[in-house]
Amino acid sequence: MKDHENLNFESMCVHAGIDADEFGAVVPPIYQTSTFKFKSAQHGAALFSGEGKGHIYTRMSNPTIEAMEDSVAALEGGVKAMGCASGMAAINTVFATFLGAGSHVVCSQAVYGPTNTLLRTVYARFGVEISFVDTSNPEDVKAAMKENTRLVYVETPGNPTLAIADLAEIVKIAKEFGAKVCVDNTFMSPALQRPFEFGVDVIIHSMTKFLNGHADVVAGIVVAKEMSDYTLMKKVLNQTGGVIDPFNSFLVHRGIKTLAIRMEKHSENAQKVAEFLEKHEMVEWIKYPGLRSHPQYFTGLKQHKGHGGMITFELKGGYDAGEIMMNSVKLCQLAVSLGGVESLIQHPASMTHFSMGPDARKEAGITEGLVRLSVGIENHKDIIKDLERALYEVGEALTVKQEKNLFR
Ligand SMILES: *Cc1c(COP(=O)(O)O)cnc(C)c1O
């Protein structure tokens with residue numbers, strides 16, 4: 001059912017982008033083909049000139065991919081979307097479209113590690129000027145803007161510090177300078193946060209995370225609010241070739257059907273886990289958008305419908321404590337990535353944000369003992385029990401260490 005305009009969000013998750021084929025298939029088939037046969041020489045020519053409708057070659061478009069793209073575009077409220085091979089391929093499509101020699105980009109300091117590295121290594125080499133700023137403070141964004149700023153790239157909540165940027169404020173600032181605003185909406189998904197409602201131009205997702213939700217696909221997507229931006233970015237993606245394939249599109253589209261209920265459960269569980277951690281004596285501090293102690297709690301309330309599944313906390317005992325904790329958990333698996341139905345735990349300083357280097361980490365507030373937890377949809381009591389036992393081990397180990405030091 002392609003006519004999803006009047007549906008509520010949960011219904012759109014189930015139906016958007018899906019159109020019955022000639023056999024009435026309820027689930028769109030996988031068009032596992034690289035190319036499409038033209039009816040005639042004239043038909044082929046019409047497709048290439050853009051006068052005819054249809055598919056030519058899967059790098060350019062494919063019905064299975066298009067069905068998934070239409071679904072995400074509808075959920076975000078954009079005009080059109082383009083599926084990419086990964087979240088990074090989506091991010092690169094945006095950068096390669098709007099940045100070039102002599103242009104300037106303002107980017108969140110707390111950002112997915114490889115996004116930071118891509119700008120500093122590849123785009124800096126091509127003559128792009130880069131400012132990493134604390135986008136949770138609009139004044140800092142304003143101070144960083146220049147005549148040649150073409151793009152403001154925001155991740156909110158940011159990875160891994162969960163700093164929240166006020167999207168409406170940032171859009172206002174960017175518009176004054178004629179810069180585009182792109183938001184990485186991976187952590188919240190359109191079920192909880194719809195950045196186009198705040199005037200953002202482009203949204204990207206790592207669909208590897210919540211959109212697919214089952215930790216079995218690597219994929220990304222770019223969603224445009226305006227057709228003109230879509231056309232520019234689609235050309236870049238077609239020429240650089242980082243497209244998604246039909247089978248992964250099928251899997252992601254299947255995952256999206258349960259997005260609304262999954263996000264509800266992720267948020268509900270994470271709230272309970274965060275409240276447990278906040279009171280625990282081994283936890284130095286915790287950041288979760290649903291806790292009143294979060295520095296941008298009220299900004300979050302303005303733009304989120306729920307607080308999501310991501311929690312960041314610092315253990316007492318720093319790096320060593322983090323190591324013990326991660327070797328002690330059983331239900332929460334020690335793995336990078338996030339947004340799947342299973343709870344995952346990891347240590348950003350030695351894992352996802354290692355490539356940033358210690359100085360950039362320090363500046364972005366990524367401390368050495370920071371732990372990032374992606375809360376799954378298991379029963380919250382099992383997750384808390386697992387964390388409680390692991391925290392007990394941390395406490396024991398630190399006590400033993402202190403005693404050894406005393407008797408030395
Ligand atoms: C994982 C992630 C990315 C990169 O996505 P890939 O699919 O791994 O390429 C980008 N942004 C955020 C916030 C992420 O969590």
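No experiment lies behind these values; they were computed from the predicted model shown.

Concerning the side chain of Asp229
Reasoning step 1: Within the secondary structure layout, Asp229 lies in helix α9 (residues 227–240).
Reasoning step 2: On the accessibility criterion, Asp229 (3% relative accessible area) is buried.
Reasoning step 3: If near-sequence neighbours (up to four positions away) are discounted, Asp229 is found in contact with Phe98, Lys180, Asp201 and Ala224.

A look at the sheet that holds strand β7 (residues 220–224)
Remark on secondary structure: sheet strands pair via backbone hydrogen bonds, oriented parallel or antiparallel.
Reasoning step 1: Spatially, β1-β7-β6-β5-β4-β2-β3 is the arrangement adopted by the seven strands of the open sheet, whose pairing is mixed. The two strands at the open ends of the sheet, each matched to only one other strand, are β1 (80–84) and β3 (129–133). Direction aside, the axes of adjacent strands within the sheet are offset by 20° on average.
Reasoning step 2: As paired strands, strand β2 (residues 104–108) and strand β4 (residues 149–155) are joined by four bridges and run parallel to one another. Across the sheet, residue Val106 finds its bridge partner in β4, namely Val152.
Reasoning step 3: With respect to the sheet, helix α4 (residues 87–98) is in contact with β1, β4, β5 (180–184), β6 (202–206) and β7, its orientation differing from that of β6 by roughly 155°.
Reasoning step 4: Running at roughly 20° to β1, α9 makes contact with β1, β5, β6 and β7 of the sheet.

Considering the site of the ligand
Reasoning step 1: What surrounds the ligand is a group of 14 residues, the closest being Gly87, Asp184, Ser206, Thr208 and Lys209.
Reasoning step 2: One of the side-chain nitrogen or oxygen atoms of Ser206 is found 2.8 Å away from an oxygen atom of the ligand.
Reasoning step 3: The side chain of Thr208 places a nitrogen or oxygen atom 2.7 Å from an oxygen atom of the ligand.
Reasoning step 4: When isolated, the ligand has an accessible area of 380 Å², and the protein chains bury 93% of it.
Reasoning step 5: Considering every element that reaches the shell around the ligand, the biggest residue donor is α4, with three residues.
Reasoning step 6: Within the shell around the ligand, the residues separate by chemical class into six nonpolar, five polar and three charged.

Definitions and limits used
- Residues numbered from 1 in each chain as written.
- Predicted model: local features only at pLDDT ≥ 70, side-chain atom pairs only at ≥ 80, totals over all residues.
- Heavy atoms only, no water.
- Helix = DSSP H or I, 4+ residues; strand = E, 2+ residues; numbered from the N terminus.
- Buried < 20%, exposed > 50% of the residue type's maximum accessible area, 1.4 Å probe, protein only.
- Contact = heavy atoms within 4.5 Å.
- Pairing = 2+ DSSP bridges.
- Axes fitted to C-alpha atoms, helices over the stretch in contact; angles between N-to-C directions.
- Near = heavy atom within 4 Å.
- Polar contact = N/O pair within 3.5 Å; in protein donor to acceptor, adjacent residues only side chain to side chain.
- Areas by Shrake-Rupley, 256 points an atom, 1.4 Å probe, with all protein chains shown as cover.
- Nonpolar A, V, L, I, M, F, W, Y, C, P; charged D, E, K, R; others polar.

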